[in-house]
Amino acid sequence: AVFKPENVEDFYEIGEVLGSGHFAQVRKVHERATGTYWAGKFLKIRKNACSRLGLDRSRLEEEVDILHAIQHPNIVTLKDVFESRAEVVLVLELVTGGELFDFIAEKENLLESEAIEFMEQILKGLGFMHSKNIVHFDLKPENIMLSDRVAPHPNIKLIDFGLAHRFHPGEEYRSSSGTPQYIAPEVITSDPLSTAADMWSIGVITFILLSGLSPFQGDTDDETLRNIIVMNYEFAAQYFGMTSSMAKDFIQKLLVKDPSERMTAEECLLHPWIKPITRTQVAKRNRSSINMKS
Ligand SMILES: Cc1ccnnc1
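Definitions and cut-offs
Each chain has its residues counted from 1, running along the sequence as written. Side-chain atom pairs in this predicted model are given and counted only at pLDDT of 80 or more, local residue features only at pLDDT of at least 70, and totals for whole chains, interfaces and linings cover all residues. Here the side-chain values reflect all heavy atoms present in the structure, with hydrogen atoms and water set aside. We define a salt bridge as a side-chain nitrogen of Lys or Arg found within 4 Å of a carboxyl oxygen belonging to Asp or Glu. Per the convention used, a helix needs a DSSP run of H or I reaching at least four residues, while a strand needs a run of E reaching at least two, with both numbered from the N terminus. Burial classification: accessible surface area is computed with a 1.4 Å probe over protein chains only, and a residue below 20% of its type maximum counts as buried, one above 50% as exposed, and the rest as partly exposed. By the convention used here, strands pair only if DSSP detects at least 2 bridges between them. Interaxial angle, 0 to 180 degrees, is taken between N-to-C directions of lines fitted to C-alpha atoms, where a helix line uses only the stretch in contact. Definition of nearness: a residue and a molecule or strand are near each other if at least one heavy atom of the residue lies within 4 Å of the molecule or strand. The term polar contact refers here to a pair of N or O atoms within 3.5 Å; inside protein, the definition further demands a hydrogen-donor-capable atom paired with an acceptor-capable atom, and it admits residues adjacent in sequence only when both atoms are side-chain atoms. Here, Shrake-Rupley sampling with a 1.4 Å probe gives the accessible areas, and only protein chains in the shown set may cover a residue. Here the nonpolar group is Ala, Val, Leu, Ile, Met, Phe, Trp, Tyr, Cys and Pro; Asp, Glu, Lys and Arg are the charged ones; every other residue, Gly included, is treated as polar. Each pair of aromatic rings taken from Phe, Tyr and Trp, with Trp reduced to its six-membered ring, is defined by centres within 6.5 Å and is described as stacked if the planes are under 30 degrees apart, edge-to-face if over 60, and tilted in the remaining cases. A positively charged side chain is recorded as over a ring if its NZ (Lys) or CZ (Arg) lies within 6 Å of the ring centre. The angle to the ring normal must also be within 35 degrees. Every angle not falling under 35 degrees, over 145, or within 65 to 115 is termed oblique; those three ranges are roughly parallel, roughly antiparallel and roughly perpendicular. Throughout, a crossing is termed right-handed when the near helix is turned clockwise from the far one, and left-handed when it is turned anticlockwise from it by less than a right angle. By definition, residues are in contact when any of their heavy atoms lie within 4.5 Å.

Asks: Hey, could you go over the pattern of salt bridges for me, with residue numbers and the actual values?
Replies: Two side chains of opposite charge can pair, provided their charged atoms sit close to one another. Evaluation of the coordinates by the stated rule reveals 15 salt bridges. The partner of Lys 44 in a salt bridge is Glu 87, with the nearest N and O atoms 3.1 Å apart. On the criterion of sequence distance, the pair formed by Lys 44 in strand S3 (residues 37-44) and Glu 87 in strand S5 (residues 87-92) is long-range, its members being 43 residues apart. When its relative accessible area of 45% is taken as the criterion, Lys 44 is described as partly exposed. Residue Glu 61 is joined to Arg 57 by a salt bridge in which the shortest nitrogen-to-oxygen separation is 3.0 Å. Note that Glu 61 and Arg 57 are positioned in helix H2 (residues 57-69) at a spacing of four residues, about one turn of the helix. Bridged by salt links that share partners, the residues Lys 41, Glu 63 and Asp 160 form one connected network.

Here it is as structure tokens:
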């Protein structure tokens, strides 16, 4: 394939570990020619098809093709790909603000205004991906990063397209991978998948942003999967008592069993919880609330 055969170290100085997963380790890398910092994702690839160690090469080619196809302010950009012996290195945009997962963990949960700001950016990135028939299939707070965690309005970047898939018209695609807490019912029942599977995950992520709770999580993965299939979740009063009805409506229109009934990313951006209301509407709403008080 068209990965660069040169040695990545001829072009980048390898730095500290930023994160590591099953077959990948992400390290900060320093571009020698420009002094710019990037994130190097070092992936072990399989020597041969039947080996269990490392990633399947064709999956990796799909991840690279997908990343090349989606350049968007809310999606991590891919700069370079190197290949040596049994290792492929993706040189990615460096995102230093950490995972949304840790940001929520520290804050317990977010104000609705903060959650809306994050969700709007996530939906813009997702809407762009979906418009190109690309589905992420592993959306979760760990795969949503902040550009700068201390900025008042941090930028969101979607990362890790290792499970992503580009749909070709009329194609049926089934997959059983993903993270139990976030996967849609149709993934569990092995029904044909679509961009709607990502929208279910958005419903779960929104629920977590606003409450700190994971709606379907059980004591075991099996219990979690059972909860998803039977739609066993609730807006417990002690966590959602102060949450707006618009926010709950937003979640309820995503945690819908029938994928075709779920809101799309575009519809989410028009939902009243997300869509910014005009100044005159704010004034009108304030006037009416003042009248109610007086
Ligand atoms: C972990 C990570 C991934 C991509 N870019 N920056 C950091």
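Asks: Pulling in residues and values, what's your account of the sheet that holds strand S1 (residues 12-20)?
Replies: Across the sheet, five strands lie side by side as S1-S2-S3-S5-S4; this open sheet has antiparallel pairing. Strands at the two margins of the open sheet, each flanked by one partner only, are S1 and strand S4 (78-84). The mean inter-strand angle of the sheet, taken between neighbouring strand axes irrespective of direction, is 25°. Note that strand S2 (residues 24-31) and S3 share seven bridges and pair antiparallel. Looking at S3, one finds that Val 26 is bridged to Lys 41.

Asks: How would you summarise the site of the ligand if you had to cite specific residues and measurements?
Replies: Taken together, Val 26, Ala 39, Glu 93, Leu 94, Val 95 and Met 145 make up the full set of residues near the ligand. Within the backbone of Val 95, a nitrogen or oxygen atom sits 3.0 Å from a nitrogen atom of the ligand. When the ligand sits alone it has 230 Å² of accessible area, and the protein chains cover 90% of it. The class makeup of the residues in the shell around the ligand is five nonpolar, no polar and one charged.

Asks: Explain the packing of aromatic side chains residue by residue, including any values.
Replies: Summed over the entire model, instances satisfying the criterion amount to 14 aromatic pairs. Where Phe 103 meets Phe 118, the ring centres are 5.4 Å apart and the plane angle is 90°; that geometry is what we call edge-to-face. Taken together, the positions of Phe 103 in helix H3 (residues 100-107) and Phe 118 in helix H4 (residues 112-131) put the pair 15 residues apart, joining distant regions of the chain. Considered together, Phe 103 and Phe 118 belong to a single accessibility category, that of buried residues. Judged by centre distance (4.9 Å) and plane angle (70°), the rings of Phe 235 and Phe 240 are edge-to-face. Every member of this aromatic cluster is reached through a ring pair, and the members are Trp 200, Phe 207, Phe 216, Tyr 233, Phe 235 and Phe 240. Lying across the ring of Tyr 37, Lys 28 places its NZ or CZ 4.8 Å from the centre.

Asks: Give a description of the environment of Leu 67 that names residues and reports values.
Replies: With respect to the element layout, Leu 67 can be found in helix H2. C-alpha of Leu 67 to C-alpha of Ser 84: the two residues are 17 residues apart in sequence and 20 Å apart in space.

Asks: Any details on the packing of H4 against helix H6 (residues 196-211)? Residues and values, ideally.
Replies: Closest axis-to-axis distance for the H4/H6 pair is 10 Å, and the angle between their directions is 165°. The angle between the axes of H4 and H6 places the two elements in the roughly antiparallel class. By crossing handedness, the relation of H4 to H6 is classed as right-handed. Here Glu 112, Ala 115, Met 119, Ile 122, Leu 123, Leu 126, Met 129 and His 130 of H4 come into contact with H6, specifically with Asp 198, Met 199, Ile 202, Ile 205, Thr 206, Leu 209 and Leu 210. A per-class count over the contact of H4 with H6 returns 11 nonpolar, two polar and two charged.

Asks: Lay out the pairing of S5 with the relevant residues and their values.
Replies: Of all six residues in S5, six are buried, a share of seventy percent or more. Side chains Glu 87, Val 89 and Val 91 of S5 all project onto a buried face; the interleaved residues Val 88, Leu 90 and Leu 92 project onto the opposite face, where all are buried too. One ladder, built from six bridges, connects S3 with S5; its direction is antiparallel. Within S5, the residue paired with Gly 40 across the bridge is Val 91. As defined by bridge partners, S4 adjoins S5 across six bridges and the pair is classed as antiparallel. From the neighbouring strand, Asp 80 faces S5, where its bridge partner is Val 91. If you look at the hairpin formed by S4 and S5, you'll find two residues sitting between the two strands, and Arg 85 has a positive phi there, around 25°.

Bear in mind that shape data such as this cannot, by itself, settle questions of function.
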